[in-house]
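Each chain is listed here by its residues.
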Amino acid sequence: MTSKDAPPPLPEPLRVPVADSHTHLDMQSGTVEEALAKAASVGVTTLVQVGCDLKGSRWAAETAAAHEAVHAAVALHPNEAPRIVHGDPDGWSRQGARQAGGDAALDEALAEIDRLAALDQVKAVGETGLDHFRTGPEGMAAQERSFRAHIEIAKRHGKALVIHDRDAHADVLRVLKDAGAPERTVFHCYSGDAEMARTCADNGYYMSFAGNMTFKNAQPLRDALAVAPAELVLVETDAPFLTPAPFRGRPNAPYLVPVTVRAMAAVRGVDEDTLCTALAANTARAFDY
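Predicted model, so just to flag it, every value in this text is computed and none were measured.

A. Looking closely at the packing of helix 2 (residues 54-66) against helix 4 (residues 102-117). Two elements in contact, helix 2 and helix 4, have axes separated by 11 Å at closest approach and are oriented at 10 degrees. In this view, helix 2 runs roughly parallel relative to helix 4, as classed from their interaxial angle. In this structure, helix 2 contributes Leu54, Ser57, Arg58 and Ala61 to the contact, and helix 4 contributes Ala109, Glu112, Ile113 and Leu116.

Below, the structure is given as structure tokens:
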């Protein structure tokens, strides 16, 4: 194994346990049990496992049912909706090449997300939202229709809404305002600036920070983190993606949360235990566990 593929070392354990508010265990190597044990050994005792398609959402619900430390979020990722409607001839998503299914196929998939969202171990509907980075103009309508449907599902079941917002800040905020955001709304892998953080704060939206806030070019994220209210801040890995510096480019996993927590504490000018206490309470409140 080259050093680039090697998992980063275990960080110093946190003294106050926290939750990884957004992870994809189904995309990481090793077993769920191994991931949970490794995370718990450094003070990351709770995980929110997030589905991005029907298969992943079913898996998230099953995994959360089997493990007390895991809660599930279920959804069709913003990039999944256009693939269901318009097809995926190149097969770059995890299901391989797919035929166009039209609006009827999207309705059918949303009905299954709705069924999964009713389960006790499913604490959130997401990740949903808008992604202007990967989806071109032809997919926008399907994406927004899916986003609005997920907002309704979250409200109907009284679950949190987990938002994926990539290069789509204004449109995401517009849809939330227009449709009426659920009581608990989380911007996963928060990617806005300080001004947007103030807007989120005014609306009571949670902002979850990932390992990319440690990257050299991420000053706008650090500025946002500095102004976000203490009671609305969460931490996540989005593992296996967004591994924090100095391990950028190597595989991410929930046990690396402490690296990001320490970087966050430095930005906010608070001690680690104070931040961890807030993060743990905020995540439990956001996801109602």
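B. Region of the structure containing the sheet that holds strand 6 (residues 185-187). In space, the 8 strands of this open sheet follow the order 1-2-3-4-5-6-7-8, with parallel pairing throughout. Only two strands of the sheet have a single partner each, and these edge strands are strand 1 (18-23) and strand 8 (233-235). Adjacent strand axes in the sheet meet at a mean angle of 30 degrees, parallel and antiparallel pairs treated alike. Across 2 bridges, strand 6 lies against strand 7 (residues 206-209) in parallel orientation.

C. Spatial organisation of the pattern of salt bridges. Counting across every chain of the model gives 14 salt bridges. The partner of Glu80 in a salt bridge is Arg98, with the nearest N and O atoms 2.9 Å apart. Residue Glu80 is found in helix 3 (residues 80-86), and its partner Arg98 is found in the loop between helix 3 and helix 4; the two are separated by 18 residues along the sequence. By the burial criterion, Glu80 is buried, and Arg98 matches it. The partner of Asp171 in a salt bridge is Arg174, and the shortest N-O contact between them spans 3.3 Å. Taken as a pair, Asp171 and Arg174 lie in helix 6 (residues 169-179) at a separation of 3 residues, close to a single helical turn.

D. Structural view of helix 7 (residues 194-203). Looking only at helix 7, the buried set comprises Ala194, Met196, Ala197 and Cys200. Within helix 7, the buried residues cover an arc of 150 degrees as seen down the axis, which keeps them to one side. Turned more than 90 degrees off the buried face of helix 7, the exposed positions are Glu195 and Asp202. A distance of 3.3 Å separates the backbone nitrogen of Glu195 from a side-chain oxygen at the start of helix 7, and that oxygen is part of Asp193. Downstream of helix 7 by one or two residues, Gly204 has phi in the positive range, about 75 degrees.

The rules behind these values
Residues numbered from 1 in each chain as written. Predicted model: local features only at pLDDT ≥ 70, side-chain atom pairs only at ≥ 80, totals over all residues. Heavy atoms only, no water. Axes fitted to C-alpha atoms, helices over the stretch in contact; angles between N-to-C directions. Helix = DSSP H or I, 4+ residues; strand = E, 2+ residues; numbered from the N terminus. Parallel < 35°, antiparallel > 145°, perpendicular 65-115°, else oblique. Contact = heavy atoms within 4.5 Å. Pairing = 2+ DSSP bridges. Salt bridge = Lys/Arg side-chain N within 4 Å of Asp/Glu carboxyl O. Buried < 20%, exposed > 50% of the residue type's maximum accessible area, 1.4 Å probe, protein only. Arc of directions from axis to C-beta. Polar contact = N/O pair within 3.5 Å; in protein donor to acceptor, adjacent residues only side chain to side chain.

These values are about where atoms sit, not about what they do.
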